[in-house]
Amino acid sequence: MATSKALANRRQLRRHKLSAEITILDTLTSTPIGKLVDIHQEGILILGNPLTMDSSYQLSLLLPNSINRQTSFEIGVDCLWSQPSMNDDKLTWVGCTIIDKSKNASACIQSLINITSS
């Protein structure tokens, strides 16, 4: 039986897998976190370094091409879960909910979905 927290975190929007490689940095430390796997307006999936569950992060997504005249945009996220990759023991799957984004970031996310979603 699913817990109430799991039900509250259940995805409501369709995830969009990306064909472009988007690098993600922790903006506070300038440390690379990993690569963006999929995105929607309320959350992201990352493959890379582990993040601490129930912790907040300020992330910068580095775009391979300019979108809306931007080469990057920032979002605030809360890490919901983290799970080691079965294919590579050095990588971790990380699911985050977006808790803070500007109007510009929201527009960049939508453009990113429209341009690179498969």
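In this convention, every chain numbers its residues from 1, walking through the sequence in written order. Owing to the predicted nature of the model, reporting of local features is limited to residues with pLDDT of at least 70; listing and counting of side-chain atom pairs is limited to 80 or more, with chain, interface and lining totals taken over all residues. For side-chain calculations, the full set of non-hydrogen atoms in the structure is used, while hydrogens and water are omitted.

Examined against the element boundaries, Ile 22 turns out to sit in the loop between β1 (16–17) and β2 (23–26). Using a relative accessible area of 0% as the deciding quantity, one classes Ile 22 as buried. Remark: the alpha-carbon pair of Ile 22 and Ser 60, spanning 38 residues in sequence, is separated by 9.9 Å. We call two residues in contact when some of their heavy atoms are within 4.5 Å. Contact partners of Ile 22, with chain neighbours within four places excluded, come to Gly 34, Lys 35, Leu 36, Leu 61, Leu 62, Leu 63, Pro 64 and Leu 112. Every helix listed is a DSSP run of H or I at least four residues long, and every strand listed is a run of E at least two residues long, numbered separately from the N terminus. Relative accessibility under 20% of the residue-type maximum defines a buried residue, over 50% an exposed one, and the middle range a partly exposed one, all with a 1.4 Å probe and only protein chains included.

The next point concerns the nonpolar core. Take the buried residues of types Ala, Val, Leu, Ile, Met, Phe, Trp, Tyr and Cys, join any two whose side-chain atoms come within 4.5 Å, and each joined set is a nonpolar core. Membership of the largest hydrophobic core comes to 26 residues, with the highest contact counts inside it found for Ile 44, Ile 46, Leu 59, Leu 61 and Ile 75. Elements that contribute at least two residues to this core include exactly β3 (31–40), β4 (43–48), β5 (56–67), β6 (70–84), β7 (92–101) and α2 (103–116). When residues no more than four places from it in sequence are discounted, the contact partners of Ile 44 are Ile 24, Leu 36, Asp 38, Ile 39, Leu 59, Ile 75, Val 77, Val 94, Gly 95, Cys 96 and Ile 98.

Structurally, the position occupied by Pro 64 is in strand β5. In the structure, Pro 64 is positioned 41 residues away from Thr 23 in sequence and 8.5 Å away in space, judged by C-alpha atoms. Leave out the neighbours within four places in its chain, and Pro 64 touches Ala 20, Glu 21 and Ile 22.

Before going further, it helps to spend a moment on the side chain of Asp 26. Mapped onto the elements of the fold, Asp 26 is located in strand β2. In this structure, Asp 26 is buried with no salt-bridge partner, the nearest side chain bearing the opposite charge being Lys 35 at 16 Å. As used in this structure description, the phrase polar contact means that two N or O atoms lie within 3.5 Å; if the pair is within protein, one of them must be able to donate a hydrogen and the other to accept it, and residues adjacent in sequence are counted only when both atoms belong to side chains. Polar contacts involving the side chain of Asp 26 include one to the main-chain amide nitrogen of Leu 28, which spans 2.9 Å. Apart from the residues within four sequence positions on either side, Asp 26 is in contact with Thr 31, Ile 33, Tyr 57, Gln 58 and Leu 59. Think of it this way: Lys and Arg go in the positive column, Asp and Glu in the negative one, and His and the chain ends go nowhere. Put simply, a salt bridge is a Lys or Arg side-chain nitrogen that is within 4 Å of an Asp or Glu carboxyl oxygen.

What follows concerns the pairing of β6. Two strands are counted as paired when DSSP detects at least two bridges linking them. Bridging between β5 and β6 involves eight bridges; their strand directions are antiparallel. Paired with Ser 56 across the bridge in β6 is Asp 78. Here β5 folds back onto β6, and the loop between the two strands holds two residues, one of which, Asn 68, carries a positive phi near 55 degrees.

Burial analysis of β4 places five of its six residues in the buried class, the great majority of the element. Two successive antiparallel strands, β3 and β4, enclose a turn made up of two residues.

A separate point is the confidence of the model for the protein. pLDDT is defined as a per-residue confidence score from the predictor, taking values between 0 and 100. Overall, the predicted model of the protein reaches an average pLDDT of 85, with 81% of residues at or above 70. Contacts from residues 1–9, a stretch scored under 50 in pLDDT, to residues over four places away or in other chains number four contacts.

Only a pair of cysteine sulfur atoms within 2.5 Å counts as a disulfide in this structure description. For the structure on display, the rule yields zero disulfides. Cys 79 forms no disulfide, and the closest cysteine sulfur to it belongs to Cys 96, at a distance of 4.7 Å. For Cys 79, a relative accessible area of 0% puts it in the buried group. Residue Cys 96 is classed as buried on the basis of its relative accessible area of 4%.

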